[in-house]
Structure formats: structure tokens, C-alpha cells
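Residue strings, one per chain:
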Amino acid sequence: MKTYDVVICGGGVIGASVAYFLSRQKDLKIAVVDYKYPGNASRASAGGLWAMGESTGLGCGVILFKTLSKQMRESGATDAPELNPHIMPEPFFNMSMMSNAMYPALYDELLENHGVDFKFERTGLKFVLFDQYDRLYAEHIAAAIPDRQAHVRWLSQAELHDEEPNVSRDAVGAMEFDCDHQINPYRLNEAYLEAARQNGVELYLNTKVTGIERHGNRVTAVKTEQGVLPCQMMINAAGAWAETISQWATGYALPVFPVKGQVIITEKLPKLLNGCLTTSDCYIAQKDNGEILIGSTTEERGFDTSNDVKYIKQLAQGAMKSIPALRDMNIKRCWAGLRPGSPDELPILGPVPGIEGYLNACGHFRTGMLTSAITGQLLDELVRAMPTTIDIEPFAYERFLNEDGIMIAEHKLAHSL
């Protein structure tokens, strides 16, 4: 019977990244077990490396702002009400910026050493402004991050249209985060896995995990459809399905739950965008092959992966408002992904108290692509019992426990969008 030093449950972008970083020294026997359940988040990603955007409530957070903006317009208020941008905690901000900074070197490393290309593009992320409320919200965001002004660039209407000539003439300007870029999400996931395979990692693809074996308080094996995989350590990178793995491995609840995001992708189009855009209606990213990805909703509807024409229509209308040329687009397909949400929107990393041979790498919500690089590095350090690059205490499982060790977290987002 084969035995492994590490078995990773989940081959999405987080599990694949962990497998790659663990395999770089080629001194561990590693397996990845993955089954493509409908709606897994890595296939639904836009591929945005939007460290500043996601840390300040842009990107997927636009749905929230749309609601606020609509309420203000309908109220007829002349005095602008106080707005509170959804700024993520400083530890996450730092983590996401650090991960973002890893991608240029990671791109070269994977391409040169393994011949895999995840299509890293330096695009910036522009928050396109259409009215005074958009501008007010952008100003609140900028004011909330005084120490990161070096990455904020304001564009006048003329400058915006000079850089993005296909943006609507109704747009009055933009705020850009110049360090936020993009990759192709499918290619990043595949690049990690292929590089890990070349480094000797064994891939059990299209294979379900059926249980976890434990002796006392130590995890000893992962049970799969292809047999039992004995291991010294297992890593839970099962995305929206991570709680089931946790229950099997530890007997404890894990507050990770599916958060649905509906997305549109167009057929290949001539180049319409020079950078990634976000507005109060949607985000828009043109990929390297010409397809334009339009997203995304944020819905807590369990494991439902159906599309709702009402939301698809809203996303399409939002995109056409920003890019009038999209009125002639053909939609290639629509789908819904299930992001692995956590109550505070922060990843859950590291051990569970009292359980040996088990580590969490889950709960990355909407930032799995962005934070996959730093997560892979951190899990490599944890497996090797090394000091971690950043303090992982803000991301520890224990933050959901009270003084008696009882789980107090709810299985829903604390800031409903």
C-alpha cells in the first residue's frame, strides 16, 4: 500500500498551489485527490489579481454599492449620506498584497521550469465613475487607505477615454488601482497541477474522497474511491465542500459554506479593453483569448448552481452600460460558481486544536486566485514546521471559538452583500 507524507483533499487553485509549493524541493511524497463537483469556485473565477480592489470592496462587492447608490438616487437626497466602503482587515490586506507581488516571479518560474503559461497580464483595475455617487464612493475608498495612495491613480474623463476608448462617453472618470492585474484562472489552476505533477506529485483526479481515517487524535489516511491513502498529514483544500472533510477528519464544525456567483462569458471579441474594469453594476475582464467575462452576483443559496435570468440580465445590462459595443455580443455561456465563504470573509489556515496530521487551507471566498500563491507558501512552511512568512493567527480556526472552545461562528457572511 502506498503511503504519503501529504495528501491534499481538493485540486482547485488552492489545493493545486499547495501541491506545487510543497513539491518544489522534491523531498516529500504527495498526492492530490480531486473531484469536479458542479460549481467549484476555481472554474467560476474571473482571474483577477485585484489585491487593492478586493480589499476595498470593489470587484464582487459592486453589487452592494449598486444597492446603496440606487437607494440614494431614489431618496432624492441632496446631502450625501455617509458611506462605508467594505475595507478588509489589515492582515488580509497585507496578505493579499504580498501574494499579488509574488505573481510576476511565479509566472517566470512556472513558464521557464515547467513550460506552463497562466497568462499573467499587467492590466490595472479601473473603477469607472458615472455620477457623483460613484465618485463619492471612490473618494471614501481612497480616504480609507491613506498608506496605500501610491497605488491609487485618478483619471479624468478625457484620460479614461484615451486609455479605454470603448468605455461609454457617459463615464465621467475613473479611479485605478495600478497594481491590480489578471491571469487566466483555468490556466493558473492547470499550471500549478502540471508543475506539481512534473515534480512527482501523484494526481487522483475525478476521484471522490469518501472518508478520513483517524487513530486517536491523529489523522492517518484519506479514503477515496480508488482506495485508502495512508498519510502523515492531510490538507483540507476542498473549497465549498471543506466542512464535510473537516467533520470526517476532526469531528468539528468548520464555518465554510457555498456563496454563489453567477457569471457571463462572451464569445471571442476583438480587443475592447486595455485593462480590467469594475463599476457599480459589475466587473468586466477581457481574457487573453478575446472572451469577456462579466460578473458577478453574491448569493447565499446553498449548493444551488442554477442560473437566474434576472441576475444574468442585470449583469449584461451593466456591462453594456459601460461598454456600448457589448450590445452586439453573443453570450457563450453563463454559469454559477460556489465560492468557499467564511463568516468574516478571511481564509482559514493551519491546524485545528487537539488534532494532529491535519491542516486547513480553505475559506478563501472570492480571493482564491489572488491568495493562492501566498497560501501555497504558507502551507509549505506549516508542513515543514518552519516559521511562517506572515503571522497566520488572524486566519486561525480558533477565531471562531469561544473561551470554552465552542464554535460560535455562523455559517453565513457577516457583511451580507
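By the naming in an unreviewed UniProt entry, the chain goes by FAD-dependent oxidoreductase and is assigned to Photobacterium atrarenae.

(A) A look at the packing of aromatic side chains. The full count for this structure, using the stated rule, is eleven aromatic pairs. Between tyrosine 4 and tyrosine 204, the aromatic rings sit 6.4 Å apart at their centres with planes inclined by 85°, giving edge-to-face as the arrangement. One end of the pair, tyrosine 4, is in strand E1 (residues 4–9); the other, tyrosine 204, is in strand E8 (residues 202–204), and 200 residues separate them in sequence. Aromatic pair tyrosine 107 and phenylalanine 118: ring centres 5.3 Å apart, planes at 85°, arrangement edge-to-face. You can see tyrosine 107 sitting in helix H4 (residues 90–114) and its partner phenylalanine 118 sitting in the loop between H4 and strand E4 (125–129), a full eleven residues away along the chain. Just as tyrosine 107 is buried, phenylalanine 118 falls in that class too. For the cation-ring pair, lysine 208 lies above tyrosine 35, with the distance from its terminal atom to the ring centre recorded as 4.9 Å. Here arginine 333 stacks its cationic end above the ring of tryptophan 335, 4.2 Å away from the centre of that ring.

(B) Broad picture of the pairing of strand E6 (residues 173–177). Across the five residues that make up E6, a large majority, five, are buried. Residues Gly173, Met175 and Phe177 of E6 are buried on one face, and the alternating residues Ala174 and Glu176, pointing to the opposite face, are buried as well. Relative to E6, E4 is paired through five bridges, and the arrangement is antiparallel. Along E6, the bridge assignment pairs lysine 126 with glutamate 176. Sheet analysis places strand E5 (residues 152–156) next to E6, joined by five bridges and oriented antiparallel.

(C) Structural view of the sheet that holds strand E15 (residues 292–295). Strand order in the open sheet formed by eight strands is E5-E6-E4-E13-E14-E15-E12-E16, with mixed pairing between adjacent strands. If you trace the sheet from one side to the other, it starts and ends with E5 and strand E16 (331–341), each paired once. In this sheet, adjacent strand axes meet at a mean angle of 25° when their direction is disregarded. Of the pairings in the sheet, the one linking strand E13 (residues 276–278) to strand E14 (residues 283–286) comprises two bridges and is antiparallel in character. Pairing of leucine 277 across the sheet is with isoleucine 284, part of E14. Packing of helix H5 (residues 132–144) onto the sheet brings it into contact with E4, E5 and E6, and relative to E4 it is tilted by some 140°.

(D) Here's a closer look at the packing of H4 against helix H10 (residues 368–383). Put simply, H4 and H10 touch, their axes get as near as 7 Å, and they point 90° apart. For the element pair H4 / H10, the angle class is roughly perpendicular. Here H4 contributes Phe92, Met95, Ser96, Met98, Ser99, Asn100, Met102, Tyr103 and Leu106 to the contact with H10, which in turn contributes Met369, Leu370, Thr371, Ser372, Ala373, Ile374, Thr375, Gln377 and Leu378. The class makeup of the residues in the contact of H4 with H10 is eleven nonpolar, seven polar and no charged.

Analysis parameters
Residues numbered from 1 in each chain as written. Predicted model: local features only at pLDDT ≥ 70, side-chain atom pairs only at ≥ 80, totals over all residues. Heavy atoms only, no water. Phe/Tyr/Trp six-rings, centres within 6.5 Å; stacked < 30°, edge-to-face > 60°. Helix = DSSP H or I, 4+ residues; strand = E, 2+ residues; numbered from the N terminus. Buried < 20%, exposed > 50% of the residue type's maximum accessible area, 1.4 Å probe, protein only. Lys NZ or Arg CZ within 6 Å of the ring centre and 35° of its normal. Pairing = 2+ DSSP bridges. Axes fitted to C-alpha atoms, helices over the stretch in contact; angles between N-to-C directions. Contact = heavy atoms within 4.5 Å. Parallel < 35°, antiparallel > 145°, perpendicular 65-115°, else oblique. Nonpolar A, V, L, I, M, F, W, Y, C, P; charged D, E, K, R; others polar.

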